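The residues making up each chain are set out below.
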Amino acid sequence: MKDGILRVWDINHDNIVQSAATDSQICSLLWLPKTNELMTGQGLPGNQMKIWKYPMLINSSELYGKYFSHKGRVLHIALSPDQSRLFSVAADGMACLWKCHESGES
């Protein structure tokens, strides 16, 4: 891993607004509009997905399946049009469908 830093840039002024160490490769990125959060699909060492509160970039949660999780880099993440489900695909060949829930819901 050479970098492992999540950065938000102000492209109009060419400077970094906020950054956070992810401790992992960032392989994919998704904006979650309902909650104003960023999701990263990551590679080594954890091959996980993390959710970051915006604008402070505080790691608020990580996604793991109840019975499985990705064994390879999370290469792509997508959000359904109604924002109720996430889809992830990893280098291990596994595709996962995740249910999104509102804060406070378990």
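Residues numbered from 1 in each chain as written. Predicted model: local features only at pLDDT ≥ 70, side-chain atom pairs only at ≥ 80, totals over all residues. Heavy atoms only, no water.

Q: Could you clarify how one ought to interpret the pattern of salt bridges in this entry?
A: A side chain with one charge may pair with a side chain of the opposite charge, provided their charged atoms come close. All chains considered together, the criterion is met by three salt bridges. Between Arg7 and Asp3 there is a salt bridge, with its nearest N and O atoms 2.9 Å apart. The exposure class of Arg7 is partly exposed, given its relative accessible area of 33%. Under the relative-accessibility criterion, Asp3 is labelled partly exposed at 42%. (Salt bridge = Lys/Arg side-chain N within 4 Å of Asp/Glu carboxyl O. Buried < 20%, exposed > 50% of the residue type's maximum accessible area, 1.4 Å probe, protein only.)

Q: What exactly am I supposed to notice about the sheet that holds strand β3 (residues 26-32) here?
A: Two modes of strand pairing occur in sheets, parallel and antiparallel, and in both the strands are linked by backbone hydrogen bonds. Spatially, four strands are ordered β3-β4-β5-β6 in an open sheet, and the strand pairing comes out antiparallel. Each having just a single partner strand, β3 and β6 (58-63) make up the two edges of the open sheet. For this sheet, the mean inter-axis angle between neighbouring strands, taken without regard to orientation, is 25°. With five bridges joining them, strand β4 (residues 37-42) and strand β5 (residues 49-53) adopt antiparallel strand pairing. By the bridge assignment, Leu38 is partnered in β5 with Trp52. (Pairing = 2+ DSSP bridges. Helix = DSSP H or I, 4+ residues; strand = E, 2+ residues; numbered from the N terminus. Axes fitted to C-alpha atoms, helices over the stretch in contact; angles between N-to-C directions.)

Q: Is there a simple way to think about the confidence of the model for the chain in this case?
A: Detailed reading of predicted coordinates is not advised where the pLDDT is low. When pLDDT is averaged along the chain, the result is 89, and 90% of the positions lie at 70 or above. Across the chain, the secondary-structure element scoring lowest on mean pLDDT is β6, at 89, and the one scoring highest is strand β7 (residues 74-79), at 96. (pLDDT = per-residue confidence, 0-100.)

Q: I keep staring at the side chain of Thr22 and nothing clicks. Help me out?
A: Mapping Thr22 onto the fold places it in the loop between β2 (15-21) and β3. Separated by 2.7 Å, the side chain of Thr22 and the backbone oxygen of Ser24 make a polar contact. (Polar contact = N/O pair within 3.5 Å; in protein donor to acceptor, adjacent residues only side chain to side chain.)

Q: How do you make sense of the side chain of Gln42 when you look at a structure like this?
A: Among the secondary structure elements, Gln42 is positioned in strand β4. Residue Gln42 is classed as buried on the basis of its relative accessible area, which comes to 0%. Reaching out from Gln42, the side chain makes a polar contact with the side chain of Ser24 at a distance of 3.5 Å.

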